[in-house]
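Here are the chains, one letter per residue:
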Amino acid sequence: MDTSNGQQDFHEFYPHHDLLVEIGRVEMAMDHLQERAEDEQRTLRPRLESRMHRLRDELGHLAV
């Protein structure tokens, strides 16, 4: 029995899953920004927003 197609489909799922996990991490970090000092918030918010934009863009380019 040939399982190569099933294996390939499973491996193609990983990038999608990994992106979703990373998006969740960034969302959690953004939710906890208010717990940080104001100067840290000003530094971290643009970085997190940029990271989120790149992750969502990458997710949008993955084949469904």
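If you're wondering where the values come from, they're calculated on a predicted model, not measured in any experiment.

Calculation criteria
- Residues numbered from 1 in each chain as written.
- Predicted model: local features only at pLDDT ≥ 70, side-chain atom pairs only at ≥ 80, totals over all residues.
- Heavy atoms only, no water.
- Helix = DSSP H or I, 4+ residues; strand = E, 2+ residues; numbered from the N terminus.
- Buried < 20%, exposed > 50% of the residue type's maximum accessible area, 1.4 Å probe, protein only.
- Contact = heavy atoms within 4.5 Å.
- Areas by Shrake-Rupley, 256 points an atom, 1.4 Å probe, with all protein chains shown as cover.
- Polar contact = N/O pair within 3.5 Å; in protein donor to acceptor, adjacent residues only side chain to side chain.
- Salt bridge = Lys/Arg side-chain N within 4 Å of Asp/Glu carboxyl O.

Caption draft 1: View of the overall build of the chain. Of regular secondary structure, the chain possesses 2 helices and 0 strands. A burial count over the chain gives 12% of its 64 residues as buried. Pairs at least 24 apart in sequence give 63% of the contacts found in the chain among residues at least 6 apart. Surface exposure of the chain reaches about 5400 Å², of which carbon and sulfur atoms provide 52%.

Caption draft 2: Here's a closer look at the side chain of glutamine 41. In this structure, glutamine 41 sits in helix H2 (residues 38–61). At 3.2 Å, the side chain of glutamine 41 and the backbone oxygen of leucine 33 are in polar contact. Leave out the neighbours within four places in its chain, and glutamine 41 touches Leu33, Gln34, Arg36 and Pro46.

Caption draft 3: Layout of the pattern of salt bridges. By the definition in use, this model includes 5 salt bridges. Close ionic contact of arginine 36 with glutamate 40 constitutes a salt bridge, the shortest N to O distance being 3.4 Å. For glutamate 40, a relative accessible area of 33% puts it in the partly exposed group. A single network of salt bridges, built from pairs that share partners, joins Glu22, Arg25 and Arg51.

Caption draft 4: Structural detail: the environment of histidine 16. Within the secondary structure, histidine 16 is located in helix H1 (residues 4–31). For histidine 16, a relative accessible area of 33% puts it in the partly exposed group. Sequence separation between histidine 16 and leucine 59 is 43 residues, and the spatial gap between their C-alpha atoms is 6.6 Å. When near neighbours in sequence (up to four residues on either side) are disregarded, histidine 16 contacts Leu59 and Leu62.

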